[in-house]
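Spelled out from the first residue to the last, the chains are:
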Amino acid sequence: MRDFPAAALAQDFIGLDTRYPLADGRITRRHYLDSAASTLTLDSARQVADELLRHYANTHSELHFSARIVSHAYAWAHQQVLNFVQVDPNQYTAFFAGSGCTATLNRLARILAAQRPERNLVLVSLMEHHANDLPHRKHAGTVIHLPLTGQSSALGAIDLTALERLFKQHQGRVNAVAVSAASNVTGIVNPVHAIAALAHAYGAWIIVDASQALAHAPLPISDTGAPERQLDALVFSGHKLYAPGSPGVAVVRRSLLDGQEPDEVGGGMVDDVSLTGYQVTPRFPDREEAGTPNILGAVQLGAVLNMLQRVGMAQIHAAEQTRLRQLLTGLASIPGLRIYGDPDPDRTPRLGTVAFNLVGLEHGLVAAVLNDYFNIAMRNGCFCAHPYVRELLKPELWALELDPDAEDVARQLKAWQGMVRASLGLYTTAEDIEALLAGLRDLQSRPDYYRTQYTMDAEGNFHHRTFTAPAESLFDPEAVLDRINSPGQFSGD
Ligand SMILES: Cc1ncc(COP(=O)(O)O)c(C=O)c1O
């Protein structure tokens, strides 16, 4: 495997030069700061998938050349996942499911609950994305939300002392701890290997949602090699790892799956079927992947993981931390800007995601102005982590003193209940961050001007009075088809 320089990788993305017309008539380059939602596409990995298309066939066919080539590439993709998180393939399996990690988390919640129904408690942190909370609520019995260190808007990581207290209080009842390696709201990092050691000491399993971590920092299955610090299951989404269109991924200790009826059944996971029964294959990952898989997406993701390993995740992490500090320092220099989560990365480590608000300005207005006037793509709202966002915002929401009898109280609450989030990727430049800071400074210097340009709808979203993003004229699938299929291409033209 040839090494690859980080700087060259940062240039290898599709969409770095995408330009849009703005509300003031300028046409500028997009600054993509929404990588926590979905990252841009690594071009060379996309090309690997495109080349595979020449051979495309089903992995469930076995004999012909194309089927063998595709099956080999698909197996290679699994191997890349196992290599990336440094697991022993005899102990762990990697399988793909659904279109994101939500599918794998639902699957794991069902599997773990079925394994030990007598342990009907799952501990989930307060900062979880709904995807690592609701499946456990639905399948596990009872979910307890783990407190975080720190207070109000400066909450930190998972509180290990409180975690141990809960284990002691509920001896023998906790089936699993389900926590994210890094928050999708604040980027705050949790000590997942220390949590694993605690969980194992009390006979619980640990599931780690690595969706916001794997693209940003090294995350081996055990940080020291000590077995008690090994994670039992780790899940992530390929579309947050530079491979849109790829499936959700789970890396799971084989012993958790062995001997259990697979959660999903169908073609590809059986060795024999009669009219009265079927025999599940003992082979991993086949037994966990009923149906024809998303071969192209998986191979594209495998290619991304391979490229990231060529550069080295430690180097990628270090480069992102430089940008993150630029962002945090710049945001802290803007008066009236509140950063959520402990803002000191030396005290509470975080990855490249920062949520904030400009005091006195609705999150929807800030995000709309930054998009329409500064071409900065960011997300606002509660980021599918409502309990966490509400907790971070609690003092501000109380201070609003909304009249519960007012007719538009729900609309008012929506307008103020949320944040704006900037999230970084490998391709984020110092210039992208400067553009965000400049936009925020401008907005803060003349909020009344910008406010008059917008109306707010019943959902708390802001719409420009005269400018609408011309989505259809910027990307029209039929026009693309017309361009590709030049006249005369089809008989009868
Ligand atoms: C931490 C975290 N977990 C889970 C998810 C759900 O991912 P998906 O929608 O790809 O299933 C997300 C998506 O934003 C996330 O940030």
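The structure displayed is predicted, hence computed values, not measured ones.

1. Section: the overall build of the chain
Then comes step 1: For the chain, the count of helices and strands is 17 helices and 21 strands.
Then comes step 2: Against the compact-globule benchmark of 23 Å for 493 residues, the chain has a radius of gyration of 24 Å, which places it among compact chains.
Then comes step 3: Taking the principal axes of the C-alpha coordinates as reference, the chain spans close to 75 × 70 × 45 Å.
Then comes step 4: In the chain, which comprises 493 residues, the proportion classed as buried is 52%.
Then comes step 5: A separation of at least 24 residues holds for 73% of the contacts in the chain among residues at least 6 apart in sequence.
Then comes step 6: Carbon and sulfur atoms form 53% of the exposed surface of the chain, whose accessible area is close to 21,800 Å².
Then comes step 7: Counting 40 positive and 53 negative side-chain charges, the chain places the averaged centre of each group 3 Å from the other.

2. So, the pattern of salt bridges
Then comes step 1: Across all of its chains, the model carries 21 salt bridges by this definition.
Then comes step 2: Across the pair Arg338 and Glu396 runs a salt bridge whose closest N-O atoms are separated by 3.1 Å. Separated by 58 residues along the polypeptide, Arg338 in strand E15 (residues 337-339) and Glu396 in helix H12 (residues 386-400) bring together distant segments of the chain.
Then comes step 3: The class of Arg338 is partly exposed, set by a relative accessible area of 30%.
Then comes step 4: A salt bridge links Asp342 to Arg347; its shortest N-O distance comes to 2.7 Å.
Then comes step 5: Taken together, the salt bridges that share partners define one network made up of Arg107, Glu264, Arg287 and Glu288.

3. As for the sheet that holds strand E6 (residues 92-97)
Then comes step 1: One open sheet accounts for seven strands, arranged E6-E12-E11-E10-E9-E7-E8; its pairing is mixed. The sheet terminates laterally at E6 and strand E8 (142-146), the two strands that pair on one side only. Averaged over all pairs of adjacent strands, the angle between strand axes in this sheet comes to 20 degrees, irrespective of strand direction.
Then comes step 2: Looking at chain direction, strand E7 (residues 121-125) and strand E9 (residues 174-180) are connected through four bridges and run parallel. Paired with Val124 across the two strands is Ala178, which belongs to E9.
Then comes step 3: Along the sheet, helix H3 (residues 65-84) makes contact with E6, strand E11 (233-237) and strand E12 (248-253), crossing E6 at roughly 120 degrees.

4. Remarks on the environment of Val48
Then comes step 1: Along the chain, Val48 falls in helix H2 (residues 43-52).
Then comes step 2: Sequence separation between Val48 and Ala303 is 255 residues; the distance between their C-alpha atoms is 7.0 Å.
Then comes step 3: Residue contacts for Val48: discarding those within four places in its chain leaves Val299 and Ala303.

5. Overview of the domain arrangement of the chain
Then comes step 1: The domain architecture assigned to the chain consists of domain 1 (6-41 + 312-474) and domain 2 (46-310).
Then comes step 2: The distance between the C-alpha centroids of domain 1 and domain 2 comes to 29 Å.
Then comes step 3: Taken together, the contact between domain 1 and domain 2 spans 43 residues of the former and 41 residues of the latter.
Then comes step 4: Our count for the contact surface shared by domain 1 and domain 2 stands at zero salt bridges.
Then comes step 5: Taken together, the elements giving at least two residues each to the side of domain 1 that touches domain 2 come down to strand E1 (13-14), helix H10 (313-332), E15, strand E16 (353-358), H12 and strand E19 (419-423).
Then comes step 6: In terms of residue class, the side of domain 1 that touches domain 2 is built from 27 nonpolar, 10 polar and six charged.

6. A closer look at the sheet that holds E19
Strand-to-strand pairing in sheets goes through backbone hydrogen bonds, with the strands running parallel or antiparallel.
Then comes step 1: Strand order across the open sheet formed by four strands is E15-E16-E19-E18, with antiparallel pairing between neighbours. With one partner strand each, in any of the chains shown, E15 and strand E18 (379-381) form the two edges of the open sheet. Averaged over all adjacent pairs, the angle separating strand axes in this sheet is 30 degrees, with direction ignored.
Then comes step 2: Bridge analysis of E16 against E19 gives four bridges, and the strand direction is antiparallel. Along E19, the bridge assignment pairs Ala355 with Arg421.
Then comes step 3: Sheet strands in contact with H10 are E15, E16 and E19, and its direction is about 10 degrees off that of E16.
Then comes step 4: Of the strands in this sheet, E15, E16, E18 and E19 touch H12, which is tilted by about 130 degrees from E19.

Definitions and limits used
Residues numbered from 1 in each chain as written. Predicted model: local features only at pLDDT ≥ 70, side-chain atom pairs only at ≥ 80, totals over all residues. Heavy atoms only, no water. Helix = DSSP H or I, 4+ residues; strand = E, 2+ residues; numbered from the N terminus. Rg over C-alpha atoms; globule rule 2.2 N^0.38 Å. Buried < 20%, exposed > 50% of the residue type's maximum accessible area, 1.4 Å probe, protein only. Contact = heavy atoms within 4.5 Å. Areas by Shrake-Rupley, 256 points an atom, 1.4 Å probe, with all protein chains shown as cover. Lys, Arg positive; Asp, Glu negative; His and termini not counted. Charge placed at Lys NZ, Arg CZ, Asp CG, Glu CD. Salt bridge = Lys/Arg side-chain N within 4 Å of Asp/Glu carboxyl O. Pairing = 2+ DSSP bridges. Axes fitted to C-alpha atoms, helices over the stretch in contact; angles between N-to-C directions. Domains from an automatic or database assignment. Nonpolar A, V, L, I, M, F, W, Y, C, P; charged D, E, K, R; others polar.

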